[in-house]
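# Coordinates in review
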Amino acid sequence: KSCFNRLSNDICTLLLKKLKMDSCSVFCVSGYQQANVIILPKHLANDFEAFCRRNPAPLQLLYRGQSGETSCLPLARHADIRTDISQYCVYEKGRLVKTVSSLQSYTDQPSHQWSSDMVCFYLGCSFGFEGSLKTAGVPVRNVEQGRNVSMYRTAVPCIPSGAFSCPLVVTMRPVPAAMLDAAVEVTSLNPMAHGAPVHIGEPALLGIQDLSRPDYGEQVELQPGDVTVFWACGVTAIEAILSSKPPLAFSHSPGCMFLTDIPDSSSSPLTPEKLEMTIGDDPGQRGIRVLFTQDELLRSCLALSHSFSVAITTGFPTHYMHSPPDETDGPPGAIAMATMLLSLGKQVTMVTDRRALEMNQAIIDEAVETGVLKHAIPLVTFEDSGPDSALHFLCHHGDPTKPRYDHLVAIERSGRAADGNYYNMRGVNIKHLVDPIDNLFIAAKGIPGIITTGIGDGGNELGMGKLKEKVKNLMPNGNLIACDVPADYAITAGVSNWGGYAVACGLYLLHTCPSHQRYLKKGLGEEPTTRQEQLQDCTANLPSVDKEESFLSTLVRFGIRSGKTGHLAMEVDGLTFHPTHSDMITRLLEATQGSTSQNH
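Residues numbered from 1 in each chain as written. Predicted model: local features only at pLDDT ≥ 70, side-chain atom pairs only at ≥ 80, totals over all residues. Heavy atoms only, no water.

When its secondary structure is counted, the chain shows 20 helices and 19 strands. Relative to its 600 residues, the chain shows a buried fraction of 56%. About 24,200 Å² of surface is accessible on the chain, with carbon and sulfur atoms providing 52% of the total. (Helix = DSSP H or I, 4+ residues; strand = E, 2+ residues; numbered from the N terminus. Buried < 20%, exposed > 50% of the residue type's maximum accessible area, 1.4 Å probe, protein only. Areas by Shrake-Rupley, 256 points an atom, 1.4 Å probe, with all protein chains shown as cover.)

See below:
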């Protein structure tokens, strides 16, 4: 590999012709990084380095040379940047004027001297992970088709710095839908080669209108079942040259890379699967496992991570003979989710029944006083006063293009059955105690941009309509009590609170996952200097045994009872806080923080 890398340009060209390959095709050298190269006047070097630091996914800086330096010992021995790339682009005042096979004519002297006014930058390249994709069994369509990878200029602006500002450029590789997880995992292990994708799916969301017309490279055909997957691309640096208009600059020609001696890097991936399996425990023997649907927790957490404004509702007045009629399952999970969402910068609103507004406001105030919540959460009610009530509640001025919330979450919230009534697990109709918050979930289906999640443990909760056939066939009283209103994601747990805790933990995992953070930000923006810095804020907002015990005691003081037994005691669904619920919280924290520590 080292010998090949240092062959003279003439010999390289002959070899490429013999192999009937274009001179800008790429040899995928498994296990080694390739690099994009940008060469700029030294008066722009500091600005460009800062531009790279602010946009690390497309411009992963591997090495900045000294003024006039033609070698790069940290990346490759015996390198000469003037001749080690098969084709270079030459720019004058922001215009591509020609391509050349050598830069020697631009040096002051032929023998290893380079103009003292020029500085070389070596940037990560996605070709570095194609070998890993193939090893993992993920087809690399551009290689299969003998084409350069497709590269597109997007409508996503990079974060500017000094003289440099430009749109993000991405590569697109078609990936079979069944192999998306593998593609993300494999590439996330190689941050020096742009890491995980910055977008999956609809190209128009990036501003790409026509896949058949890439701005750089060649069109790569999708095969049946393929999904478009986009990675940040170092060709972004070429866009930076075009926009900053330096008097003279050079780059590699897109697809003609500099081959380094650096092996691929790796780390351990995070997974929320253990959380999902843990909350499926059924100590109350309600048979909830039959309703389990894999990856609903993950999908909901991913959607919540992308959200800006979340409305959470809870409240199941199963104890219709008591005042208040509510149960201890639901509010703790709702507060746990709200706490984590707030720590991630989301707007959170709680939606409650009018009959419970005053009590729930007092509970929130006490949660702030005891430190369970850092500050109060807005608490609102919904009243069905006409056919457009839900639309006006969900959207500013009733305009479906201006949603007020982008995610609705119901946890242990009474769900409307097919006959329009609301039933507890015993089949008792409690409709007179429930406001029609279900209408919000129904209306959300017709409003682009609003996603819904339901969390339940019996099938009669809001959102469980997604599973209603299972509920009817497999749960006690299922034909009567099954909720008829679906959510986009239906999370089931042995106790609904556990589902709320798992959502909070899942959001934490995503927040501390470099691949996901890269995806959220499209790889733009400066990264925290250390993992610990990234975790510091979020860790304190995870559920804990102390916080959950404190909040449960608040509910009990307000007269709220255990769901299954009706006991006014430190229990939820007939299960005492110690050891059942405290052990579950401990297990979830161990799974969460254990997964994170593997990636430090």
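Structure shown, so let's carry the discussion forward.
This part covers the nonpolar core. Ile312 and Val503 are the most contacted members of the largest nonpolar core, which totals 56 residues. Sorting elements by how many residues they give to this core places helix H16 (residues 496-511) first, with 10 residues. Once residues within four sequence positions are removed from consideration, Ile312 is found in contact with Ala334, Met337, Ala338, Leu341, Val348, Thr349, Met350, Val351, Val409 and Ile411. In this structure, Cys158, Leu168, Val170 and Met257 belong to the second largest nonpolar core, which totals 43 residues. (Core = buried A, V, L, I, M, F, W, Y, C linked by side-chain atoms within 4.5 Å. Contact = heavy atoms within 4.5 Å.)

What follows is about the pairing of strand E17 (residues 489-492). Side chains Tyr489 and Ile491 of E17 all project onto a buried face; the interleaved residues Ala490 and Thr492 project onto the opposite face, where all are buried too. Sheet topology note: the strand E16 (residues 451-456)/E17 ladder contains 4 bridges and is parallel. Following the sheet pairing, Gly456 is matched in E17 by Thr492. (Pairing = 2+ DSSP bridges.)

This part is about the confidence of the model for the chain. Averaged over every residue, the pLDDT of the chain is 87; the share at 70 or more is 88%. Within the model, the stretch residues 265-270 combines pLDDT values under 50 with 20 contacts to residues more than four positions away or in other chains. (pLDDT = per-residue confidence, 0-100.)

Spatial ordering of the open sheet is given by E6-E7-E9-E8, a layout of 4 strands whose pairing is antiparallel. Every other strand in the sheet has two partners, leaving strand E6 (150-157) and strand E8 (199-200) as the edge strands with one partner each. One ladder, built from 2 bridges, connects E8 with strand E9 (residues 226-232); its direction is antiparallel. Within E9, the residue paired with His199 across the bridge is Phe230. Seen against the sheet, helix H6 (residues 180-188) touches strand E7 (167-176), E8 and E9 and runs at an angle of roughly 15 degrees to E9. (Axes fitted to C-alpha atoms, helices over the stretch in contact; angles between N-to-C directions.)

Moving on, we get to the packing of aromatic side chains. Scanning the entire structure with this criterion turns up 10 aromatic pairs. Here Phe48 and Phe121 contribute two aromatic rings whose centre-to-centre distance is 4.9 Å and whose plane-to-plane angle is 70 degrees, an arrangement assigned as edge-to-face. Note that Phe48 is positioned in helix H3 (residues 45-54) and Phe121 in strand E5 (residues 118-124), a separation of 73 residues in sequence. The exposure class of Phe121 is buried, given its relative accessible area of 0%. When the centroid spacing of 4.8 Å and the interplanar angle of 70 degrees are considered together, the rings of Tyr106 and Phe250 count as edge-to-face. Highlighted residues: Tyr106 in the loop between strand E4 (95-100) and E5 and Phe250 in strand E10 (residues 249-252), separated in sequence by 144 residues. Since its relative accessible area comes to 23%, Tyr106 is described here as partly exposed. In this structure, Arg173 is placed above the aromatic ring of Trp231, and the distance from its NZ or CZ to the ring centre is 5.6 Å. (Phe/Tyr/Trp six-rings, centres within 6.5 Å; stacked < 30°, edge-to-face > 60°. Lys NZ or Arg CZ within 6 Å of the ring centre and 35° of its normal.)

Relative placement of two packed helices is described by the angle separating their axes and the distance separating the axes. Two numbers describe how helix H10 (residues 331-343) lies on H16: the axes approach to 7 Å, and their chain directions differ by 10 degrees. If you check the angle between H10 and H16, you find them roughly parallel. Every residue of H16 that contacts H10 at Pro331, Pro332, Gly333, Ala336, Met337, Met340 and Leu341 is listed here: Asn497, Gly500, Tyr501, Val503, Ala504, Leu507 and Tyr508. Looking at side-chain class alone, the contact of H10 with H16 contains 11 nonpolar, 3 polar and no charged residues. (Parallel < 35°, antiparallel > 145°, perpendicular 65-115°, else oblique. Nonpolar A, V, L, I, M, F, W, Y, C, P; charged D, E, K, R; others polar.)

With that out of the way, let us pick up empty space enclosed by the protein. Going through the model one piece at a time under the given rule, you end up with 8 cavities of 30 Å³ or more. Computed from the structure, the second largest cavity encloses a volume of approximately 220 Å³. In terms of lining, the second largest cavity is formed by 20 residues, of which the most central are Thr314, Pro331, Met350, Thr352 and Asn360. Those elements giving two or more residues to the lining of the second largest cavity turn out to be strand E12 (309-315), H10, strand E13 (347-352), helix H11 (357-369) and helix H19 (545-557). The biggest single contributor to the lining of the second largest cavity is H11, with 4 residues. Its residues assigned to classes, the lining of the second largest cavity shows 13 nonpolar, 4 polar and 3 charged. (1 Å grid on protein atoms, 1.4 Å probe; cavity = no way out; pocket = protein on both sides within 12 Å on 5 of 7 lines; lining within 4 Å. Points joined across faces, edges and corners; volume = space filled by probe spheres on them.)

With that settled, consider unusual backbone geometry. With omega at 0 degrees, the peptide bond leading from Ser323 into Pro324 counts as cis. By the element assignment, Pro324 lies in the loop between E12 and H10. Looking along the chain, the bond that leaves His578 and enters Pro579 is cis, with omega of 5 degrees. Locating Pro579 in the fold gives a position in helix H20 (residues 577-597). If you check the backbone angles, Gln285 has positive phi at about 55 degrees while not being a glycine. Here Gln285 is to be found in the loop between helix H8 (273-278) and helix H9 (296-306).

Turning our attention to the side chain of Ser300. Mapped onto the fold, Ser300 is located in helix H9. Taking the relative accessible area as the measure of exposure, Ser300 reaches 0% and is therefore buried. Excluding anything up to four places from it in sequence, Ser300 contacts His407, Thr453, Tyr489 and Ile491.

Here His407 is to be found in strand E15 (residues 407-413). Assessed through its relative accessible area of 0%, His407 is described here as buried. Between the C-alpha atoms of His407 and Ser300, which are 107 residues apart in sequence, the distance is 9.5 Å. Residues within four places of His407 in sequence aside, it is in contact with Ser300, Ala303, Leu304, Ser307, Ser309, Val310, Ala311, Ile451, Thr452 and Thr453. Side-chain polar atoms of His407 contact the side chain of Thr453, separated by 2.8 Å. (Polar contact = N/O pair within 3.5 Å; in protein donor to acceptor, adjacent residues only side chain to side chain.)

What follows covers the sheet that holds strand E14 (residues 379-381). Read across the sheet, 6 strands follow the order E14-E13-E12-E15-E16-E17 without closing on themselves; strand pairing throughout is parallel. Taken across any chain shown, the strands that pair with only one partner, and hence form the sheet edges, are E14 and E17. Each neighbouring strand pair of the sheet contributes to a mean axis angle of 25 degrees, computed without reference to strand direction. As paired elements, E12 and E13 share 5 bridges and run parallel to each other. Its bridge partner being in E13, Thr313 is matched across the sheet by Val351. Its contacts with the sheet put H9 on E12, E15, E16 and E17, and the angle it makes with E17 is roughly 125 degrees. Of the strands in this sheet, E12, E13, E15 and E16 touch H10, which is tilted by about 170 degrees from E12.

Turning our eyes to something else, we now look at the pairing of E15. When you tally the buried positions in E15, you get 7 out of 7 residues, the bulk of the element. As judged from the 6 bridges shared by E12 and E15, these two strands associate in the parallel manner. When the sheet's bridge partners are listed, Thr314 is paired in E15 with Ile411. Note: E15 against E16, 5 bridges, orientation parallel. Residue pairing for E16: Ile411 is matched across the bridge by Ile455. Between the parallel pair E15 and E16, the chain is carried across by helix H13 (residues 438-444), and the sense of this crossover is right-handed. (Right-handed = clockwise from strand over helix to strand, strands pointing away.)

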